[in-house]
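# Analysis of the macromolecular model
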Amino acid sequence: MPAQPKPGRYHVKSFGCQMNVYDSERMGDVLAAQGMTEVDTPEAADVVVLNTCHIRERAAEKLYSDIGRLRRPRADGSRPTIVAAGCVAQAEGPEIAARAPDVDVIVGPLAYHRLPQLLQRARTGRVIDIDMPPVPKFDALPARRTGQASAFLTVQEGCDKFCTFCVVPYTRGPETSRPAADLVGEACALVARGVREITLLGQNVNAYAGGLSLSGLIRELAQIDGLARIRYTTSHPRDMEGSGGDDLIAAHAQVPKLMPYMHLPVQSGSSRILKAMNRAHTRASYLATLARVRAARSDIALSGDFIVGFPGETEADFQETLSIVHDVQYAAAFSFKYSVRPGTPAAQMPDQVPEAIKDERLARLQAAITAGSLAFNQASVGRRCTVLLERPGRKPGQLIGKTPWLQSAVLAVPGAAIGDLVEVEIVSAMPNSVEAVPFTQSQVA
Ligand code: 5AD
Ligand code: SF4
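Here the residue numbers are simple positions, counted from 1 along each chain's written sequence. Just so you know, chain letters begin at A and ligand numbers begin at 1, following the order they were written in. Two thresholds apply to this predicted model, a pLDDT of at least 70 for residue-level local features and 80 or more for giving and counting side-chain atom pairs, whereas whole-chain, interface and lining totals are computed over all residues. Water and hydrogen atoms play no part in the side-chain values, which are based on all heavy atoms of the structure.

### Let's talk about the site of ligand 1
Only a single heavy atom is needed: when it lies within 4 Å of a molecule or strand, its residue is near that molecule or strand. Around ligand 1, the neighbouring residues are Ile55, Arg56, Phe165, Gln267, Asp305, Ile307, Phe336, Lys337, Tyr338, Ser339 and Arg341. A distance of 3.4 Å is found between a nitrogen atom of ligand 1 and a backbone nitrogen or oxygen belonging to Ile55. In the environment of ligand 1, an oxygen atom lies 2.6 Å from a nitrogen or oxygen atom belonging to the side chain of Asp305. Areas reported here follow the Shrake-Rupley algorithm with a probe of radius 1.4 Å; residue values treat only the protein chains shown as occluding. Coverage of ligand 1 by the protein chains reaches 89% of its 410 Å² of free accessible surface. What counts as a helix is a DSSP run of H or I of at least four residues, what counts as a strand is a run of E of at least two, and both are numbered from the N terminus. Going through the elements one at a time, β13 (301–308) and β14 (332–337) are the ones with two or more residues in the shell around ligand 1. Residue type decides the class: Asp, Glu, Lys and Arg count as charged, Ala, Val, Leu, Ile, Met, Phe, Trp, Tyr, Cys and Pro as nonpolar, and the leftover types, Gly among them, as polar. Of the residues belonging to the shell around ligand 1, the class tally is five nonpolar, two polar and four charged. Side-chain atoms alone can form a polar contact between residues adjacent in sequence; in general such a contact is a pair of N or O atoms within 3.5 Å, and within protein one must be able to donate a hydrogen while the other accepts it.

Pasting the structure below:
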């Protein structure tokens, strides 16, 4: 008998990475396919899904404080059905059950296609589903509802790399790839709904192996009429080294729809720390990969992730991180203080770095990253390119979109609509955005 969760208003709150944003949208698809209606706030919802992220700090605390707020009875005496989803649910399901008896459903990231059944069962008592099922959830999901210009498409999940600081291999399971034919079908459906740009997502997206390699999939998707742009994230430097990376790098030179942007986290500039992190790449091999990438596509925008204060990191190690930021000139980068994830090898390592030192290193690193982003944006002033319009800006008549290099561009284009690709010239730069004018306008000026 099909599950029919009632009553029917839901709200999904998303924490963390893009993959979680995608998962939240897909959980919404699952609930909408049951006849439920999305609402903008948890207060208005009958079912609230908290889609947690476990990768960095305070994930569990955020979950518990949200649960605390949600369980208080509302003016009419009701309280919503509370669903704890995502990686914290996967990693700490039994603890959540013990500490937060008001949670109705605990569901891991590999099982959310079963949400309707779980909600049904939750009417008679709490349910926990943190199995890692052999049948991929994607096969069981309904069609997408998106109406955006740019959409995510998860192509690969999980991780076999076991970096010593990271929980992902434990919460998302081993690397699995969705079949290329399914992805091409989903991409065509997205394009039919007006999507112009697709970002292929995976924890190790460049390890994609779904009948085609990632570059093969990109070349296939590039054939779809109406799809203007293709991106992918996150790549691992290890899978970029050697022949595996050659074809993907070549695709950057050969496939015009593939945008000139690559997110390639290095984590640290010190080979000694990289070894302790079990990254399986060195500073030198990482820089050699970037040189190959830049040889194929000289204007490529590079981005990365950094961790400061990994156990044993000295000031000299940190200086190597600062110097890599300086040498590479990232267009953008994300930086984090190392935080202990219980159950990971680094949690047991000696020489944990004091919090005050982490704070101070993070501040210096972020200053270097911001300077690099500003330099990248300034160097793009005068460039002509396309911008995909994604949303209205703050001021009337203003629109915000993305350049090929993933810069946020603010512009006014009379008569243009969200989803349009407009030709522009970049005219000024800030650290986190650029200002652009329509190309024809700048020619006239
Ligand atoms: N502490 C700090 N940052 C972390 N990341 C992953 N695990 C941790 C941790 N324990 C960061 C890495 C990764 C990004 C998604 O999150 O930089 O690339
Ligand atoms: Fe985590 Fe490393 Fe896997 Fe990335 S590659 S998800 S950092 S274990």
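Still more ground to cover, so stick around.
### What to know about the site of ligand 2
Cys159, Lys161, Phe162, Cys163, Phe165, Cys166, Val168, Pro169, Gln203, Asn204, His236 and Arg279 make up every residue found near ligand 2. Class assignment for the residues of the shell around ligand 2 results in seven nonpolar, three polar and two charged.

### Considerations on the pattern of salt bridges
Oppositely charged side chains can form a pair if their charged atoms are brought close together. Each salt bridge in this description consists of a side-chain nitrogen of Lys or Arg and a carboxyl oxygen of Asp or Glu lying within 4 Å of one another. Tallied over the full model, the rule gives 30 salt bridges. Here Asp66 makes a salt bridge to Arg69, at a shortest N to O gap of 2.5 Å. With Asp66 and Arg69 both in helix α2 (residues 59–71) and three residues apart, the pair spans about one turn of that helix. For the exposure calls, accessible area comes from a 1.4 Å probe over protein chains only, and a residue counts as buried if that area is under 20% of its type's maximum, exposed if over 50%, partly exposed in between. Judged by relative accessible area, which is 6%, Asp66 ranks as buried. A salt bridge links Lys402 to Glu390, with the shortest nitrogen-to-oxygen separation between them at 3.4 Å.

### Details of the nonpolar core
What makes a nonpolar core is a set of buried Ala, Val, Leu, Ile, Met, Phe, Trp, Tyr and Cys residues whose side-chain atoms join them at distances within 4.5 Å. Grouped together as the largest cluster of nonpolar side chains are 73 residues, with contacts concentrated most on Val107, Leu200, Leu217, Ile218, Leu221, Tyr232 and Phe306. Per element, the largest residue contribution to this core is six residues, and it comes from helix α6 (residues 180–192). If we skip the residues at most four places from it in the chain, Ile218 touches Leu200, Ile230, Tyr232, Leu248, Val255 and Leu258. Whether two residues touch is decided by their heavy atoms; if any such pair falls within 4.5 Å, the residues are in contact.

### Some points on the sheet that holds strand β10 (residues 197–201)
Note on pairing: two strands pair once DSSP finds at least 2 bridges between them. Sheet architecture is open: three strands sit in the order β7-β10-β11, paired in parallel fashion. Bordering the open sheet on either side are β7 (150–154) and β11 (229–233), each of which pairs with just one other strand. With direction set aside, neighbouring strand axes in the sheet form an average angle of 25°. In the sheet, β7 pairs with β10 via five bridges, with the strands oriented parallel. Across the sheet, residue Ser150 finds its bridge partner in β10, namely Glu197. In this description, a line fitted to the C-alpha atoms serves as the axis of each element, helices being fitted only across the stretch in contact, and the angle between N-to-C directions of two axes falls anywhere from 0 to 180 degrees.

### Structural notes on the sheet that holds β13
The sheet built from three strands is open, its strands ordered β12-β13-β14 with parallel pairing. Each end of this open sheet is capped by a strand with a single partner; those strands are β12 (261–263) and β14. Taken pair by pair, the neighbouring strands of this sheet meet at an average axis angle of 10°, ignoring direction. Of the strands in this sheet, β13 and β14 touch helix α13 (residues 355–379), which is tilted by about 175° from β14.

### A short note on the side chain of Lys257
As for its position among the elements, Lys257 is in the loop between α9 (243–254) and β12. His is not counted, nor are the chain ends, whereas Lys and Arg count as positive and Asp and Glu as negative. The buried charged residue Lys257 lacks any salt bridge, with Asp225 as its nearest oppositely charged partner at 5.4 Å. Here the side chain of Lys257 touches Ala222 through a polar contact of 2.9 Å, landing on its backbone oxygen. If near-sequence neighbours (up to four positions away) are discounted, Lys257 is found in contact with Ala222, Ile224, Leu227, Ala228, Arg229 and Ile230.

### Description of the domain arrangement of the chain
One can read the domain layout of the chain as domain 1 (9–129), domain 2 (146–259), domain 3 (260–379) and domain 4 (384–444). How far each domain reaches was decided by an automatic or database domain assignment. Between domain 2 and domain 3, the C-alpha centre-to-centre distance is 23 Å. The partner domain 3 presents 30 residues to the 26 residues of domain 2 that form the contact. Defined in terms of a 1.4 Å probe, buried area is the accessible area two parts forfeit on being brought together, summed over both. Interface area, domain 2 with domain 3, both sides summed: about 2,300 Å², of which 61% is carbon and sulfur. Where domain 2 touches domain 3, the interface holds one salt bridge. Between domain 2 and domain 3 we count 10 residue pairs in polar contact (both at pLDDT 80 or more) in total. Contributing elements (two or more residues each) for the side of domain 2 that touches domain 3: β11, α8 (237–240) and α9. For the side of domain 2 that touches domain 3, the leading source of residues is α9, giving five residues.

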